[in-house]
Amino acid sequence: MFKLNRRLFLGSSAAALGTLAAPAVMAAAHGKPRVVVIGGGAGGATAARYLAKDSDGAIDVTLVEPSRTYFTCFFSNLYLGGFKQMDDLGHTYGTLASDYGINVIHDWAVDVDPDGKTVTLAGGAMLGYDKLILSPGIDFVDGAVEGWSVDVQNKMPHAYKAGSQTELLKSQIMAMPEGGTFAMVAPPNPYRCPPGPYERISMVAHALKANNPTAKIIVADPKPKFSKQGLFQEGWNKHYAGMVDWIGEDFGGGNVSVDADAMTVTIDGEETKVDVCNVIPAMKAGRIADMAGVTDGNWAPVNAADLSSKANADIHVLGDSAQQGDMPKSGFSANSQAKVCANAVRGALTGSTVFPAKFSNTCWSLIAENDGVKVGATYEATPEKIASQGGFISQTGEDSATRKATYEESEGWYSGIVADMFG
Amino acid sequence: MIRGRFLSVTTAAATLIAAATHAEPDPDAGATLFNQCKACHQIGEGAKNRVGPQLNDLNGRVAGSVDGFRYSKPMANAGENGLVWTDETLNAFLEDPQSYIPKTKMGFRGIKDAEDRAKLIAYLDSFSPDMLLHSSDNPHDLDPAILAIKGDVAYGEYLSGECKTCHQEDGSAQGMPSITGWAEEDFVTVMHAYKNKSRTHPVMQMMAGRLSNEEIAALAAYFGGLE
């Protein structure tokens, strides 16, 4: 049915269109509606690919992403643990350009004019759009951790955007003196990848156990509890007994400051000299969302059914930047939201059938070699938000075969999602 | 082979299935046990029907269905009544063939030791690279009205986005089972096995659990058409 509509649309004049029950169609001067996608990660790359693939060339899709090689944040902890190489995490956009006809531009988007419907790039180019999809990931809240700013990120890496920061953190871990101390300042909710800091602790412990078994790990956490806590703490006791000291909110984990020159961390008034300090600050939507005028506070509120901004119907926000309701900020979630959004945007621009939104997420984490755990849920669009429909979580005390299978499954998921993102 | 195509299950997926029930038996140990079958059965490349039917692609095969082999009436009837060879049905048959299918032509006393049967079945499975169905997935257990639903391919394509976060569109399997090109009945049968929780995988129970019968049919129609 939708094919008939689309064919009619493509072969008809604007006047004839008025007789169709299709949504308002916004065709650009050159005849094709234009979608600009900013951010080439799990949300943006997926949205661009699905729009191009499913519209068979009826939509002009431009993807703006600064990096020529994109390193996935998911699985980057496994690089810290020695289970993956950096190359395993790197992906390029060649297939999206060559096989899907997406106009891939490697540049920074520096401004959005929502009235004129244009995006300005750092290189000076201006892109017009009918629909804009923002999937810029995260930025850090200024002043979130006393003593830390992006100016000191090479002394105290965040490593929460994968790539050179991840490599830097690993080199610092490997250079720790015998019996040294690794500190993490964990972020407050909400933040990208809820189990991420704790998988990272596991992977750092794994690397240290092999190379520096008397080293210590301290975690200052502003939260009273965290994702998969029972599973992680069981795993830390089992694999890394005595190594990890997690200081939660109850013990002053939220009262923390750092000194990058002195390499000290002060938790609830107690100063500790550390060898590596991984500061994961509070997060907010990627900056371009602010410039597009779609944020309210730190995040960009969106409608659940199509991820459209509550501030502007022609701008959609995906993934970490979106304030959508119950979904965790994860690559899986962004990928899931992208497909719902692409379907809705294509429908709005070409009259194709818009199917009801369905969302899902699963987060796998590796605690030690072949000791994988997972948590997941499905979600639906309600008028208020993306709402959880229930889910599952790995159990404490599972047998080793189950944990190994869970890890192997996560590797399968990785292959699957990057194929879904990059073609 | 009557049932047509079966999906390929990767090593990892086979491990998942095994992990849910018991540790995976070692097929090499089964090779020795197979010696007692060799007088009548061939298996492996170029295997032909002899006294008994060839045993390649046995797992997932409808009983009594190898072309050119003259089965006993009871064995042919069992297949017509829906018996499919799976790990579970083979286990029951091999324990005592004459009691499982009375008057089968297979003149074999059976294997009483459960571990030996598991090893032998693992060996047989190693020649069934495309095995799919577990005995608990028997399509005959499903309401025929569910199997009869004609899936909407366009809706299936949309819904497939959820599957493709893990299962690859081009059918390649790198740690996740390939789900393209299955017979629609198999796809529907397996998805309902997750939906009704007779299959145990938590992610798939969750995904299938909220799909309607029509949505499962739509996915089956869409993925069935992918090479």
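A brief structural summary. Quick caveat: nothing in here was measured; it's all calculated off a predicted structure.

## Some thoughts on the overall build of chain A
At step 1: When helices and strands are tallied, chain A shows 12 helices and 24 strands.
At step 2: Relative to the globule expectation of 22 Å for 423 residues, the C-alpha radius of gyration of chain A, 23 Å, shows essentially globular dimensions.
At step 3: The burial tally for chain A puts 58% of its 423 residues in the buried class.
At step 4: Residue pairs in contact within chain A that sit at least 24 positions apart in sequence constitute 67% of those at least 6 positions apart.
At step 5: Accessible surface computed for chain A: about 16100 Å², of which carbon and sulfur atoms make up 49%.

## Quick look at the pairing of strand β6 (residues 109-113) of chain A
All names here are of chain A.
At step 1: Two elements, β6 and strand β7 (residues 118-121), share four bridges in a ladder whose sense is antiparallel. Across the sheet, residue A109 finds its bridge partner in β7, namely L121.
At step 2: Where β6 folds back on β7, the antiparallel hairpin that results is connected by four residues, among which K117 adopts a positive phi of roughly 55 degrees.

## Quick word on the packing of helix α11 (residues 331-350) of chain A against helix α8 (residues 153-163) of chain B
At step 1: Where α11 of chain A contacts α8 of chain B, the two axes come as close as 9 Å, and the packing angle between them is 160 degrees. With respect to their mutual orientation, α11 of chain A and α8 of chain B come out roughly antiparallel. α11 of chain A and α8 of chain B meet at a crossing whose hand is right-handed. Mapping the contact onto sequence places S336, K339, V340 and N343 of chain A in α11 of chain A and Y158, G161 and E162 of chain B in α8 of chain B.
At step 2: Of the residues contributing to the contact of α11 of chain A with α8 of chain B, the split by class is two nonpolar, three polar and two charged.

## Section: the environment of V51 of chain B
Residue and element names in this part refer to chain B.
At step 1: If you trace the backbone, V51 turns up in the loop between α2 (27-34) and α3 (73-80).
At step 2: Under the relative-accessibility criterion, V51 is labelled exposed at 59%.
At step 3: A C-alpha to C-alpha distance of 44 Å links V51 and A218, two positions 167 residues apart in sequence.
At step 4: Apart from residues lying up to four places away in sequence, V51 is in contact with A39, C40 and F69.

## Here's the deal with the sheet that holds strand β24 (residues 386-393) of chain A
Residues and elements named next belong to chain A.
At step 1: Spatially, the three strands line up as an open sheet ordered β22-β23-β24, and their pairing is antiparallel. Two strands bound the open sheet, and with one partner strand each, they are β22 (358-368) and β24. The mean angle between the axes of side-by-side strands here comes to 20 degrees, regardless of whether they run parallel or antiparallel.
At step 2: For β22 and strand β23 (residues 371-381), the ladder comprises 10 bridges, and the chain directions are antiparallel.

## A word on the packing of α11 of chain A against helix α12 (residues 400-422) of chain A
Residues and elements named next belong to chain A.
At step 1: In contact at an axis separation of 11 Å, α11 and α12 are set at 40 degrees when each is read in the N-to-C sense. Taken together, the axis directions place α11 and α12 in an arrangement best described as oblique. Seen from above, α11 lies across α12 with left-handed handedness. In this structure, α11 contributes G331, F332, N335 and K339 to the contact, and α12 contributes W413, I417, D420 and M421.
At step 2: Partitioning the contact of α11 with α12 into residue classes produces four nonpolar, two polar and two charged.

## Considerations on the interface of chain B and chain A
At step 1: Contact residues are listed per partner, giving 27 residues for chain B and 42 residues for chain A.
At step 2: Taken together, the two surfaces of chain B and chain A that pack against each other cover about 2600 Å², and 60% of this comes from carbon and sulfur.
At step 3: Between the two partners, chain B and chain A, sit three salt bridges.
At step 4: We note a salt bridge from R49 of chain A to E169 of chain B, for which the minimum N-O separation is 3.2 Å.
At step 5: At the surface where chain B touches chain A, the tally comes to 14 residue pairs in polar contact (both at pLDDT 80 or more).
At step 6: Within the residue set of the side of chain B that touches chain A, elements represented by two or more residues are α1 (11-21), α8 and α10 (202-209) of chain B.

## Observations concerning the packing of aromatic side chains
All names here are of chain A.
At step 1: Scanning the model with the defined rule gives 27 aromatic pairs over all chains in all.
At step 2: Both rings, one in F75 and one in Y414, keep their centres 4.6 Å apart while their planes meet at 15 degrees; by these two values the pair is stacked. Taken together, the residues F75 in the loop between β3 (69-71) and α4 (76-81) and Y414 in helix α12 connect sequence positions 339 residues apart.
At step 3: Judged by its relative accessible area of 7%, Y414 falls in the buried class.
At step 4: Seen in terms of ring centroids, W413 and Y414 are 6.5 Å apart; in terms of plane orientation they differ by 80 degrees. Their pairing is edge-to-face.
At step 5: Taken together, the ring pairs in this structure connect F74, F75, F332, W364, W413 and Y414 into an aromatic cluster.
At step 6: Sitting over the ring of Y79, K170 keeps its end group 4.7 Å from the ring centre.
At step 7: Positioned above the aromatic ring of W299 is the side chain of K329, whose terminal nitrogen or guanidinium carbon lies 3.8 Å from the ring centre.

## Some words on the nonpolar core
At step 1: Among the nonpolar cores identified, the biggest contains 151 residues, and V119, L134, F182 and W413 of chain A are the most heavily contacted of them.
At step 2: Of all the elements, α11 of chain A adds the most residues to this core, at eight residues.
At step 3: In this view, F182 of chain A contacts L169, I173, M176, I201, V204, K216, I217, I218, V276 and N278 of chain A; residues no more than four positions away in its chain are not counted.
At step 4: Core analysis: the second largest hydrophobic core is formed by 24 residues, L83, L94, I121 and L124 of chain B among them.

## Some remarks on the pattern of salt bridges
At step 1: Tallied over the full model, the rule gives 22 salt bridges over all chains.
At step 2: Here R49 of chain A makes a salt bridge to D420 of chain A, at a shortest N to O gap of 3.2 Å. Residue R49 of chain A is found in helix α3 (residues 44-55), and its partner D420 of chain A is found in helix α12; the two are separated by 371 residues along the sequence.
At step 3: A salt bridge links K84 of chain A to E411 of chain A, with the shortest nitrogen-to-oxygen separation between them at 2.5 Å. Of this pair, K84 of chain A sits in the loop between α4 and α5 (86-89) while E411 of chain A sits in helix α12, placing them 327 residues apart in sequence.
At step 4: By relative accessible area, which is 27% here, E411 of chain A ends up partly exposed.
At step 5: Here the salt bridges share partners, and the residues they tie into one network are R49, K53, D54, K339 and D420 of chain A together with K164 and E169 of chain B.

## Regarding the sheet that holds β6 of chain A
Residues and elements named next belong to chain A.
At step 1: Taken in spatial order, the three strands of this open sheet run β6-β7-β8, and their pairing is antiparallel. Only two strands of the sheet have a single neighbouring strand rather than two, namely β6 and β8 (126-128). Taken pair by pair, the neighbouring strands of this sheet meet at an average axis angle of 20 degrees, ignoring direction.

Rules of the game
Residues numbered from 1 in each chain as written. Chains lettered and ligands numbered in written order. Predicted model: local features only at pLDDT ≥ 70, side-chain atom pairs only at ≥ 80, totals over all residues. Heavy atoms only, no water. Helix = DSSP H or I, 4+ residues; strand = E, 2+ residues; numbered from the N terminus. Rg over C-alpha atoms; globule rule 2.2 N^0.38 Å. Buried < 20%, exposed > 50% of the residue type's maximum accessible area, 1.4 Å probe, protein only. Contact = heavy atoms within 4.5 Å. Areas by Shrake-Rupley, 256 points an atom, 1.4 Å probe, with all protein chains shown as cover. Pairing = 2+ DSSP bridges. Axes fitted to C-alpha atoms, helices over the stretch in contact; angles between N-to-C directions. Parallel < 35°, antiparallel > 145°, perpendicular 65-115°, else oblique. Left-handed = near helix turned anticlockwise from the far one by under 90°. Nonpolar A, V, L, I, M, F, W, Y, C, P; charged D, E, K, R; others polar. Buried area = accessible area lost by both parts, 1.4 Å probe. Salt bridge = Lys/Arg side-chain N within 4 Å of Asp/Glu carboxyl O. Polar contact = N/O pair within 3.5 Å; in protein donor to acceptor, adjacent residues only side chain to side chain. Phe/Tyr/Trp six-rings, centres within 6.5 Å; stacked < 30°, edge-to-face > 60°. Lys NZ or Arg CZ within 6 Å of the ring centre and 35° of its normal. Core = buried A, V, L, I, M, F, W, Y, C linked by side-chain atoms within 4.5 Å.

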